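Residue strings, one per chain:
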Amino acid sequence: MTDLPQSPQVPTPTDDDANPAMIKADLLAGLIFIVLGVAVFYGAWTMDRLEVRRIQPLTIPGLVPGMLSLALTVCGVVLTLRSLRQSMPGDWQFLGQAILSGATGRAMVVMALALVYTLGLVGTLPFWAATFLFVFAFIMVFECWLAEPRKPILPSLLWALGIAVVTSATVTLVFERVFLVRLP
Amino acid sequence: MLDGLFMLGAGLAHFLTPLSLFNIAWATLLGIVIGALPGLTATMGVALLVTLTYKMAPDQAILCLMCVYSGAIYGGSRTAILLAIPGTPASAATTLDGHPLALQGKAGMAMGLATTSSALGTLIGIVALALIAPLLAEAALKFGTYEFFWLALFGVVISGQLTAIDDPLKGYIAGILGLLVAMIGMETLHAHQRFTFGIPSLGGGVDLIPAMVGAFGFAEILGVMKRHAQARIVSSGDRVVPKMADVMRYKWTTLRSGIIGTFVGIVPGVGEDVGAWASYAAAKRKSKERHLFGKGSQEGLIAAETGNSAVVPGAMIPTLTLALPGSAAAAVLIAAMFIHGIRPGPLLMTESPEVLYQVVAILFFSTLGILVFGLTLTKPLVSVLAVPRERLMAVVYVLCVVGSFAITQRMFDVYVMIAFGIIGFILREMKYPMAPLVLGIILGDLLDLNLRRGLMLTNGDPSPFFTRPISAVICLVIVFTILMSIPAVSKRVRALFTRGSSQATG
């Protein structure tokens, strides 16, 4: 297993961020892991040691979380230090560009649509109606607004309507009638 | 041995019913389609299908899941050849030589060779599964609580190391995060609730299926929709069914790639993508036509496709005998087996030995399915590739929501799915591998329980963890793996070896 390839570059058409952005992203992530590690360690340290039940002191519930949190903190420190050592001027701007790029914007739109659907629509509307609205909105947004080049509205509208109707009907019927699941 | 053959025959005969054959056919085809669609991966397909097979009989449910798994790993090669986009991460190595072949007007030949190589790779893996798994299961009966602690740790460490070769630190962090997620909820030794923050739904811990649907479904949707690029299908009308001579010409490459893939599969949490890259690199090193690699080498294509397909049966070896998932999709299979009352682990061969041979039989039948569908349904599969992702991903997200909701029927699992999707997406963008995270979630309980149970048995004395022979060996391997991932250490060790060899030759 020692002679694995050095991960040849995969020719996927991604518009990935450049390396400098990753260095600063590592710095932020490293700091977050340190905070998380310390917080979990505090939680593990103050966790009930069940002394009332006279358990073996080394089998307390907080043992493994405490060890893991220490490991996470160490990894966070290493990541942070490595990032600081590699840092170069202007890399914060690269990170800013990567975060504010159009690609991230598209991902944010997907996230927003998904959150509105799952947290807002599902539960307030009947499941089929919520699903219909989500699928329709998703296709229209990505075909007629965020696509390059944008597609003509009418065919997209028909496709979106068709897919939305078929999806919401099929999913609702299959799960409620065949699997007897009470959908939210 | 004879007993094993008899059981294998029984396993094959078990699925020779119209219902089973029907399930094999649709599940394998569905797997191929899932694999071929960029953005739908094998793990996602298996995780979503757990819900749909929930009401089936256990053997049929496992049958469908396994067929989708092996079908999807094969299906990704279609996209790799025709679009130069890996349909699943497993076929990334296939793009290197598959797409150049398509550009040379040999798309049909490339698709045919990919099909036969996948089938041969799975067959090599199946043989290994049938031979190695019973032996490993017998050896595993000697494992005690100390060994299982180390095995769980070994799984997370080795997966972290090998899925993030460029940066093992990120692999380790992903593994630790997964283990920490597993700490949430009721622990099994003293029944104490940890990190539940008064939320009753967290009492049972984070379920694996919604977490997987999030990390491999929703996160993947976000990743796919982020990209702008549209690829063009390159196809040609040449003959798809390969000539026997073409297949036989690289028989040693096939055999070597199959064995490498199987061993990569056995290593916990290291999946098809690593299997493909490892066999590709080995084939390139040994090849007489090294200059052709990357420019449309048939040998490279064969190595990549044999390698990734052999991982599937290979991954089932630790999955069935040790309950250590051999790949991310195998982690879902473990969760599905528990749902259906099958308990993978060392006792499987004593409690229900037929399960192993049924899995062997399933993989065999799905290989036949791949051969038949792969060589005949060329045109329909090309049209699958033309489905716009805008239309597909909306539907997939709906399935993610329903899939995570349906098993326990509580909205909490949907929230888990969303949380894992968003966090998984951010981690992926920062190049953290997902497999160690998943492995951590599934192995966290094993690690925690066995460490503290061991300490309880010895009344606080940790020495058996280091003095029992098997424990000591696994412990040393872990320490070595971690040390070698520190750049300064590995550089010195390598220098030591090269100096030694140059002195020997000089």
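For every chain, the first residue of the written sequence is number 1, and numbering continues from 1 onward in sequence order. Key to labels: chains lettered from A, ligands numbered from 1, both in the order written. This being a predicted model, a pLDDT of at least 70 is required before a residue's local features are given, and a value of 80 or more before pairs of side-chain atoms are given or counted; all residues contribute to the totals for chains, interfaces and linings.

Under an unreviewed UniProt entry, chain B has the name Putative tricarboxylic transport membrane protein and belongs to Devosia crocina.

Looking at an unreviewed UniProt entry, one finds chain A named Putative tricarboxylic transport membrane protein and attributed to Devosia crocina.

### What about the overall build of chain A?
Each helix and strand in chain A was counted, giving 6 helices and 0 strands. N-terminal to C-terminal, the α/β element order of chain A is α-α-α-α-α-α. We compute the radius of gyration from the C-alpha atoms alone; for a globule the expected value is 2.2 Å times N to the 0.38, where N is the number of residues. Its C-alpha atoms give chain A a radius of gyration of 25 Å, clearly above 16 Å, the size a compact globule of 184 residues would have. In terms of its C-alpha atoms, chain A occupies a principal-axis envelope of roughly 65 × 55 × 35 Å. The exposure scheme places C-beta atoms from the backbone and then counts, for each residue, the other C-beta atoms within 10 Å of its own, assigning buried at 20 or more, exposed at 12 or fewer, and partly exposed in between. Burial status across chain A gives 33% buried among its 184 residues. Taking all contacts inside chain A whose residues are at least 6 apart in sequence as the whole, residues at least 24 apart take part in 71%. Helix and strand definitions here come from DSSP, where helices need a minimum of 4 consecutive H or I residues and strands a minimum of 2 consecutive E residues; each element is numbered from the N-terminal end. A pair of residues counts as a contact when their C-beta atoms, built from backbone coordinates, are within 7 Å of each other.

### Concerning the UniProt feature "transmembrane region" (unreviewed entry) in chain B
All names here are of chain B. According to UniProt, the "transmembrane region" (unreviewed entry) feature falls on residues 24–50, 62–87, 107–136, 148–165, 322–343, 355–378, 390–406 and 471–489. Helix makes up 96% of residues 355–378 and strand 0%, whereas the separation of the span's terminal C-alpha atoms amounts to 34 Å. Span residues 471–489 is 89% helix and 0% strand, its end C-alpha atoms 24 Å apart. UniProt positions are given in the numbering used here, feature names are shortened, and annotations may be inferred rather than shown by experiment.

### Here we look at the UniProt feature "transmembrane region" (unreviewed entry) in chain A
Residues and elements named next belong to chain A. In this structure's numbering, the residues bearing the UniProt feature "transmembrane region" (unreviewed entry) are residues 27–46, 58–82, 94–119, 125–145 and 157–175. Along residues 58–82 the backbone is 80% helical and 0% strand, and the end-to-end C-alpha distance reaches 34 Å. Along residues 94–119 one finds 96% helix and 0% strand; the C-alpha atoms at either end are 33 Å apart.

### Focus on the nonpolar core
Val135(A), Val46(B), Leu65(B) and Val438(B) are the most contacted members of the largest nonpolar core, which totals 222 residues. For the purposes of this description, domain bounds are those given by an automatic or database domain assignment. Structurally, this core is a two-domain feature, drawing no fewer than three residues from each of domain 1 (18–100) and domain 2 (101–183) of chain A. Setting aside residues up to four positions removed in sequence, Leu65(B) forms contacts with Val46(B), Leu49(B), Val50(B), Thr53(B), Leu333(B) and Ala336(B). Each nonpolar core comprises buried Ala, Val, Leu, Ile, Met, Phe, Trp, Tyr and Cys residues, the members being joined through C-beta atoms within 7 Å.

### Quick look at the UniProt feature "domain: DUF1468" (unreviewed entry) in chain A
When the UniProt feature table is mapped onto this chain numbering, "domain: DUF1468" (unreviewed entry) sits at residues 28–184 of chain A. For residues 28–184 of chain A, helix accounts for 75% and strand for 0%, while the C-alpha atoms at its two ends are 38 Å apart.

### A few points about the interface of chain B and chain A
Listed per partner, the contact involves 62 residues of chain B and 60 residues of chain A. Where the side of chain B that touches chain A is concerned, the elements lending two or more residues are α5 (92–103), α8 (168–182), α9 (208–226), α12 (272–286), α18 (389–406), α19 (411–429) and α20 (435–457) of chain B. Examining the composition of the side of chain B that touches chain A, we find that 10 residues originate from one element, α18(B), more than from any other. Amino acids outside the nonpolar list (Ala, Val, Leu, Ile, Met, Phe, Trp, Tyr, Cys, Pro) and the charged list (Asp, Glu, Lys, Arg) are all regarded as polar, and Gly is one of them. Each residue belonging to the side of chain B that touches chain A can be placed in one class, and the counts come to 45 nonpolar, 7 polar and 10 charged.

### Notes on α20(B)
Residues and elements named next belong to chain B. Compared with an ideal rise of 1.5 Å per residue, which puts 23 residues at 33 Å, α20 spans 32 Å between its outermost C-alpha atoms and is within 8% of the ideal. Among the 23 residues that make up α20, 18 are buried, leaving the element largely enclosed by the rest of the structure. Once α20 ends, the next one or two residues include Asn-459, with phi positive near 55°. A helix is expected to span 1.5 Å multiplied by its residue count minus one.

### Brief notes about the environment of Val234(B)
Residues and elements named next belong to chain B. Along the polypeptide, Val-234 turns up in the loop between α9 and α10 (244–249). By the C-beta count within 10 Å, which is 17 here, Val-234 ends up partly exposed. C-alpha of Val-234 to C-alpha of Ile-81: the two residues are 153 residues apart in sequence and 8.1 Å apart in space.

### Some points on the domain arrangement of chain A
Assigned domains of chain A: these are domain 1 (18–100) and domain 2 (101–183). A straight line from the C-alpha centre of domain 1 of chain A to that of domain 2 of chain A covers 37 Å.

### Quick word on the packing of helix α4 (residues 58–83) of chain B against helix α17 (residues 378–385) of chain B
All names here are of chain B. The geometry of α4 relative to α17 is characterised by a closest axis approach of 11 Å and an angle of 75° between their N-to-C directions. Taken together, the axes of α4 and α17 lie roughly perpendicular to each other. Along its contact with α4, which presents Arg-78, Thr-79, Leu-82 and Leu-83, the element α17 presents Leu-381, Val-382 and Leu-385. When the residues that make up the contact of α4 with α17 are grouped by side-chain class, the tally is 5 nonpolar, 1 polar and 1 charged. Axis angles are defined between N-to-C directions and span 0 to 180 degrees, where every axis is a line fitted to C-alpha atoms and, for a helix, only to the segment in contact. For classification, angles of less than 35 degrees are called roughly parallel, those exceeding 145 degrees roughly antiparallel, those between 65 and 115 degrees roughly perpendicular, and all remaining angles oblique.

### Section: the environment of Lys491(B)
As for its position among the elements, Lys491(B) is in helix α23 (residues 487–505). Considered as a pair, Lys491(B) and Ile24(B) are 467 residues apart in the sequence and their alpha carbons are 49 Å apart.

### Observations regarding the confidence of the model for chain B
Per residue, pLDDT captures the predictor's confidence, and it can take any value from 0 to 100. A residue-level look at chain B finds 98% of positions with pLDDT of 70 or above and a mean pLDDT of 91. Here the complex is predicted with pTM 0.89, and the ipTM for its interfaces comes to 0.88.

### Re helix α7 (residues 145–163) of chain B
In this model, α7(B) (19 residues) spans 27 Å end to end at C-alpha, consistent with the 27 Å of a helix rising 1.5 Å per residue. The element α7(B) is largely enclosed, with a buried count of 19 among its 19 residues.

### A look at unusual backbone geometry
It is generally the case that most residues other than glycine have a negative phi and that most peptide bonds are trans. Residue and element names in this part refer to chain B. Here the phi dihedral of Ala-84 falls at roughly 65°; this positive angle occurs in a residue that is not glycine. Its place among the elements puts Ala-84 in the loop between α4 and α5. Backbone geometry places Asn-459, a non-glycine residue, at a positive phi of 55°. Inspection of the secondary structure puts Asn-459 in the loop between α20 and α21 (464–467).

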